[in-house]
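# Geometric and topological summary
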Amino acid sequence: MPRCTACIATYRRPEGLRRLLNSIEAQELDRSVDLDVIVVDNDPETARAVVEDFEQTGRFPIRYLTQPEPNISVTRNVAVEAATGELLWFVDDDEVASPGCLQRLVDALERFDASGVFGPVLPEFEGDPPEWVRRSSAYNRPIGVTGRTSISYRTSNTLVRADVLGEMEGPFDPDFGVSGGSDSLLFRALAERGHRFIDSGDASVTELVPEARANWSWMRTRFRRQGQNYARQIVVLSGGIANPRVVAMLLKAAIQIPPMLGLAAIRWHRRHDRNEALLRLWSNVGKYEGVAGVMSARHH
């Protein structure tokens with residue numbers, strides 16, 4: 001019977017955490033899964049009362065830890081270090097897991113003998129945003145059929161073998177703990193070591209999208225930061241800015257920018273198509289900004 005630890009990093013979302021823990025309590029598990037829960041509070045005391053409620057009445061053992069440094073990587077590392085499971089399930093405090101989510105992740109991991117599995121994260125919008133917002137790739141992450149090698153790396157509804165994470169120091173890089181991107185850097189590095197990460201198309205969670213994030217300004221900022229973080233990751237994985245891999249990334253970004261501008265102009269009257277082209281453009285601009293940021297940091 002594999003033991004699974006749910007690893008939750010939380011920051012000032014007590015009600016979101018309560019929703020998530022309720023959904024974990026409702027998981028439909030067979031005898032092949034033994035589950036416990038770790039909550040690491042990055043804003044000490046904010047989530048303590050919520051966890052204490054589940055300690056008294058919850059179905060699964062739960063532990064509460066604190067980590068005061070404002071750094072998501074350090075917070076996740078505390079959870080990983082404290083976890084006792086052979087499998088680690090990363091879920092976020094703004095998500096709600098479907099009843100069969102964890103069991104389907106475990107089944108896919110074992111069936112395809114993978115190092116880790118990513119399940120769908122479906123947007124749950126607060127309020128009633130327009131259709132072009134609902135359809136945006138800013139909120140709809142790519143997930144393929146169960147068993148397909150993943151093309152998107154994250155710690156959001158992700159099941160991974162603990163011994164695989166043990167290969168990496170940390171394992172999450174604190175240098176990416178404020179900007180974001182430590183999760184995709186970690187899984188990208190593991191994939192380059194030969195580990196296989198797959199999708200599980202029917203193991204879903206929903207993610208609450210507040211009204212403040214359901215707008216063009218937030219979408220643009222998200223894609224720009226994704227580009228910045230991706231470029232920094234490639235620099236780290238390549239061992240330096242002068243590596244041909246970094247040069248190739250920048251050349252590819254430069255080649256893609258003009259067509260995205262052209263597509264946005266041609267599809268200007270179709271808001272969704274226009275925005276998707278502009279988001280890809282901002283992602284490529286972000287790659288240049290990411291490399292420039294590394295160069296500036298080294299110069300100083």
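The notes below deal with the structure included here.

### Description of the sheet that holds strand β5 (residues 95-97)
- The strand order across the open sheet formed by 3 strands is β5-β10-β7, and the pairing between neighbours is mixed. The sheet is open, and its two edges are formed by β5 and β7 (121-125), each paired on a single side. Averaged over all adjacent pairs, the angle separating strand axes in this sheet is 30°, with direction ignored.
- In the packing of helix α1 (residues 14-25) onto the sheet, the strands contacted are β5, β7 and β10 (205-209), and the crossing angle to β5 comes to about 10°.

### What to know about the sheet that holds strand β1 (residues 3-10)
- Taken in spatial order, the 7 strands of this open sheet run β3-β2-β1-β4-β8-β6-β9, and their pairing is mixed. The sheet is open, and its two borders are formed by β3 (62-66) and β9 (197-199), each paired with just one other strand. Neighbouring strand axes in the sheet, compared pairwise and without regard to direction, differ in orientation by 20° on average.
- Here 8 bridges tie β1 to strand β2 (residues 34-41), and the two strands are oriented parallel to one another. From the neighbouring strand, T5 faces β2, where its bridge partner is D36.
- Sitting on the sheet, helix α2 (residues 48-57) touches β2 and β3, and the angle it makes with β3 is about 160°.

### A word on the nonpolar core
- Judged by nonpolar contacts, the single largest core of 36 residues is most densely connected at L21, I24 and W89.
- Only β1, α1, β2, α2, β3, β4 (87-90) and α4 (101-111) provide two or more residues apiece to this core.
- If you look at the next biggest cluster of nonpolar residues, it comprises 21 residues, including A79, F90, L165 and L190.

### Remarks on the packing of helix α7 (residues 182-192) against helix α8 (residues 216-238)
- Following both chains from N to C, one finds α7 and α8 inclined at 40°, their axes separated by 10 Å at the closest point. In this view, α7 runs oblique relative to α8, as classed from their interaxial angle. Between α7 and α8 lies a crossing whose hand is right-handed. Contact residues: S184, L185, R188, A189 and E192 in α7; Y230, Q233, I234, V236 and L237 in α8.
- Residue composition of the contact of α7 with α8, by class: 6 nonpolar, 2 polar and 2 charged.

### Quick notes on the side chain of S200
- Here S200 lies in the loop between β9 and β10.
- Beyond its immediate stretch of four places on either side in the chain, S200 contacts R104, L105, A108, V117, F118, G119, P120 and T146.

### What to know about the environment of P259
- Inspection of the secondary structure puts P259 in helix α9 (residues 244-266).
- Judged by relative accessible area, which is 45%, P259 ranks as partly exposed.
- Note: C-alpha distance between P259 and L281 (22 residues apart in sequence) is 8.9 Å.

### Quick notes on unusual backbone geometry
- Following G170, the chain continues into P171 via a peptide bond in cis, with omega recorded as 5°.
- With respect to the secondary-structure elements, P171 resides in the loop between α6 (162-165) and α7.
- Phi is positive for N157, which is not a glycine, with a value near 60°.
- In this fold, N157 is placed in the loop between α5 (131-134) and β8 (158-161).

### A short note on the packing of α1 against α2
- Interhelical geometry of α1 versus α2 gives an angle of 20° and a closest axis separation of 9 Å. For the element pair α1 / α2, the angle class is roughly parallel. The two elements α1 and α2 cross, and the hand of that crossing is right-handed. Within the contact between the two elements, α1 uses P14, L17, R18, L21, N22 and E25 and α2 uses V50, V51, D53 and F54.
- Taken together, the residues that form the contact of α1 with α2 break down as 6 nonpolar, 1 polar and 3 charged.

### Remarks on the environment of F187
- Here F187 lies in helix α7.
- The class for F187 is buried, based on a relative accessible area of 0%.
- Residues within four places of F187 in sequence aside, it is in contact with F118, Y153, R154, T155, T158, V160, L165 and F197.

Criteria and cut-off values
- Residues numbered from 1 in each chain as written.
- Predicted model: local features only at pLDDT ≥ 70, side-chain atom pairs only at ≥ 80, totals over all residues.
- Heavy atoms only, no water.
- Pairing = 2+ DSSP bridges.
- Helix = DSSP H or I, 4+ residues; strand = E, 2+ residues; numbered from the N terminus.
- Axes fitted to C-alpha atoms, helices over the stretch in contact; angles between N-to-C directions.
- Contact = heavy atoms within 4.5 Å.
- Core = buried A, V, L, I, M, F, W, Y, C linked by side-chain atoms within 4.5 Å.
- Buried < 20%, exposed > 50% of the residue type's maximum accessible area, 1.4 Å probe, protein only.
- Parallel < 35°, antiparallel > 145°, perpendicular 65-115°, else oblique.
- Left-handed = near helix turned anticlockwise from the far one by under 90°.
- Nonpolar A, V, L, I, M, F, W, Y, C, P; charged D, E, K, R; others polar.

Don't take any of this as a statement about function, it's just geometry.
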